[in-house]
Structures are given as structure tokens and as C-alpha cells.
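# Structural overview for review
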Amino acid sequence: MVVPRGTLALLALGLALQIGAKAISPPPQANAEDLPPAPSMAALRLASFGDPVALAKTLMLYLQAFDYQSGSKVPYRDLDYGRLEAWLARILELDPQSQYPLLAASRLYAEVPVEAKQRSMLEFVYRQFLLDPNRRWPWLAHATAIAKHRLKDLPLALRYAQAIQRYAVADSVPLWAKQMEIFILEDMNELETARMIVGGYILSGSVKDPAELKFLDERLKQLEARTAGKKLR
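Residues numbered from 1 in each chain as written. Predicted model: local features only at pLDDT ≥ 70, side-chain atom pairs only at ≥ 80, totals over all residues. Heavy atoms only, no water.

This paragraph deals with the overall build of the chain. Check the secondary structure of the chain and you find twelve helices and two strands. Moving toward the C terminus, one meets the helices and strands of the chain in the order α-α-α-β-β-α-α-α-α-α-α-α-α-α. Out of the 233 residues belonging to the chain, those deemed buried represent 40%. Summarising the internal contacts of the chain: among those between residues at least 6 apart in sequence, 69% fall at separations of at least 24. Summing over all exposed atoms, the chain offers an accessible surface of approximately 13,500 Å²; the carbon and sulfur share of this is 60%. (Helix = DSSP H or I, 4+ residues; strand = E, 2+ residues; numbered from the N terminus. Buried < 20%, exposed > 50% of the residue type's maximum accessible area, 1.4 Å probe, protein only. Contact = heavy atoms within 4.5 Å. Areas by Shrake-Rupley, 256 points an atom, 1.4 Å probe, with all protein chains shown as cover.)

With that settled, the discussion passes to the environment of Leu 103. By the secondary structure assignment, Leu 103 is in helix 5 (residues 100-107). Classification of Leu 103 by relative accessible area gives partly exposed; the value is 30%. Those residues in contact with Leu 103 that sit more than four places away from it in its chain are Leu 108 and Trp 139.

Looking now at the side chain of Asp 153. Structurally, Asp 153 can be placed in the loop between helix 7 (133-150) and helix 8 (154-167). Classification of Asp 153 as buried rests on a relative accessible area of 17%. Within polar-contact distance, the side chain of Asp 153 engages the side chain of Arg 119 at 2.9 Å. When neighbours within four sequence positions are excluded, Asp 153 is seen to be in contact with Arg 119, Ala 147 and Lys 148. (Polar contact = N/O pair within 3.5 Å; in protein donor to acceptor, adjacent residues only side chain to side chain.)

Let's shift gears to the confidence of the model for the chain. On average, residues of the chain score 83 in pLDDT, and 80% of them reach the 70 mark or higher. Confidence drops under a pLDDT of 50 for residues 19-25, and excluding neighbours within four residues, the segment shows zero contacts in the predicted structure. Counted against residues more than four places away or in other chains, residues 70-74, with its pLDDT under 50, gives twelve contacts. (pLDDT = per-residue confidence, 0-100.)

Relative to the 18 Å expected for 13 residues at 1.5 Å per residue, helix 3 (residues 52-64) spans 18 Å between its end C-alpha atoms, a close match to the ideal helical length. Every buried residue of helix 3 is accounted for by Leu 55, Ala 56, Leu 59, Met 60 and Leu 63. Viewed along the axis of helix 3, the buried residues span an arc of 140 degrees, placing them on a single side of the element. Along helix 3, the residues that are exposed and aim more than 90 degrees away from the buried face are Lys 57 and Leu 61. (Expected span 1.5 Å × (residues − 1). Arc of directions from axis to C-beta.)

The subject of this paragraph is the nonpolar core. Membership of the largest hydrophobic core comes to 65 residues, with the highest contact counts inside it found for Leu 84, Leu 88, Tyr 109, Met 121, Leu 122 and Leu 140. Top contributing element to this core by residue count: helix 4 (residues 81-94), with eight residues. (Core = buried A, V, L, I, M, F, W, Y, C linked by side-chain atoms within 4.5 Å.)

Taken as a whole and judged by the stated rule, the model has three aromatic pairs. Taking 5.7 Å as the distance between ring centres and 70 degrees as the angle between the ring planes, the aromatic pair formed by Trp 137 and Trp 176 counts as edge-to-face. Taken together, the residues Trp 137 in helix 7 and Trp 176 in helix 9 (residues 175-178) connect sequence positions 39 residues apart. We classify Trp 137 as buried; its relative accessible area is 12%. (Phe/Tyr/Trp six-rings, centres within 6.5 Å; stacked < 30°, edge-to-face > 60°.)

The next thing to look at is the packing of helix 6 (residues 115-131) against helix 7. One can describe the packing of helix 6 onto helix 7 by two numbers: an axis separation of 8 Å at closest approach and a directional angle of 155 degrees. With respect to their mutual orientation, helix 6 and helix 7 come out roughly antiparallel. Judged by the sense of rotation from one axis to the other, the crossing of helix 6 with helix 7 is left-handed. Every residue of helix 7 that contacts helix 6 at Gln 118, Leu 122, Val 125, Tyr 126, Gln 128, Phe 129, Leu 130 and Leu 131 is listed here: Pro 133, Arg 136, Trp 137, Trp 139, Leu 140, Ala 143, Ile 146, Ala 147 and Arg 150. Tallied by class, the residues present in the contact of helix 6 with helix 7 amount to 13 nonpolar, two polar and two charged. (Axes fitted to C-alpha atoms, helices over the stretch in contact; angles between N-to-C directions. Parallel < 35°, antiparallel > 145°, perpendicular 65-115°, else oblique. Left-handed = near helix turned anticlockwise from the far one by under 90°. Nonpolar A, V, L, I, M, F, W, Y, C, P; charged D, E, K, R; others polar.)

Overall, the coordinates contain twelve salt bridges when judged by the stated rule. Glu 111 is the salt-bridge partner of Arg 150, the closest N and O atoms lying 3.3 Å from each other. A residue pair is termed long-range when its members are at least 10 positions apart, and Arg 150 in helix 7 and Glu 111 in the loop between helix 5 and helix 6 qualify at 39 residues. By relative accessible area, which is 26% here, Glu 111 ends up partly exposed. Two residues, Arg 135 and Asp 132, come together in a salt bridge whose shortest N-O distance is 3.4 Å. (Salt bridge = Lys/Arg side-chain N within 4 Å of Asp/Glu carboxyl O.)

Here it is, written out as C-alpha cells:
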């Protein structure tokens, strides 16, 4: 079959016009506010077909990929954080055992260079921690570090650290996580309170490891020396 030269010319012209239009058209724009509202739990459970864990994983992939829309990248800091938190909460409701939504919340979305959004996401992590402290403490520990080192907000960091000490009581929770409160109190120059807490750990008998007991004893002596020095000034 022979294609007429005129037809080939028209095809070539059409292709050239298409390529030219693509080249001069502006790059696709993605708007962070286009993140849709999170569906209701009733709708999500219906859509899960009896497998909410699989749906939760799919939604998490969708959410993390949302900054790539039509080939354009939307910075996380531009996302609607109210809607973002609602999506994360729904995912955790579908799969309460999953750690990934809180990992993303504390290590990704909470580290954007927008203080209001940082604080909003830290509070989200705190609320979710309270629902399952013995499993979710690592993310509140990271939130504590952000509050202390990034936001320079020691009272907020202390609030989170105290929550870990008070509610994360399982034996699997490491001593360093429970002791974050002590270090923050020292930073706030609340030496007497820190000393009392360390002494309480030692007297409670809850710390069994000899190395940890030695560390606490040395810490107590340091605090006692600093407290005495403070009183002499």
C-alpha cells in the first residue's frame, strides 16, 4: 500500500505542531490545596472489601505520592495540613498497628520549614501517641527532639517527654526515652526537679540493669553537685 505524499506531509505537519505546542506550553501546575478531604471511615470500610490493612497501605502510598501531580512537584510545606492530618488519622484507624503514618508525620511532614505546620503535626503525633503509648512512643520521642532543637520550645518538649515517661510504661520502652524529661528539665535549669526524678527511678526498683543503675547514680551525683553549686551563688 502506497501512502500519498500529501497525506505523509499532513501527518508530519500535525506531529510537528503537536511537538511544538508541547514545547511552548507551560509546565503542568499542581496545587497543594487540591488534596481532597479524607473520606469518611464508613466509606473507607466499604471500599476495603474486608481488608482494611491493604487499603491503609494503598492510601499511604497515595498520600506520599501526592507531591507528584501531573509531573509537577508540590513541596510538603504547601499541603493543606488539616486535610493531611485527617488522611493520616483515617489510615491509622484502618490499620492501628501500622507505624508508617506516624513515621511520616514525625520525620517528614513535621520537619517542613513552616513553624505553624510543624506544631500542628507534632500535636497530631502527640494525640495519636496517647491512643497506643507503648507502641507509638518512638514518634513522640522524635517530636520531643524537634520541639527542643528545631522550635527551641522547651516547655513543649517537656510536655511530650513527660507524656512518654507517664504513659509509655512497657518494659520494652528504653530508659533513655523515659529519661528525656530529665535532660529537658536540666536545660530549663530545673535541677531540683530533675534530681528528684532520678532519685525516684533509683528508689523505685524498676531499673534492674546494673549499667543503667550506675548511669542513674552518676547522674544523680552530678545533679546534686550542680544543685548545691546553684544554691551557693
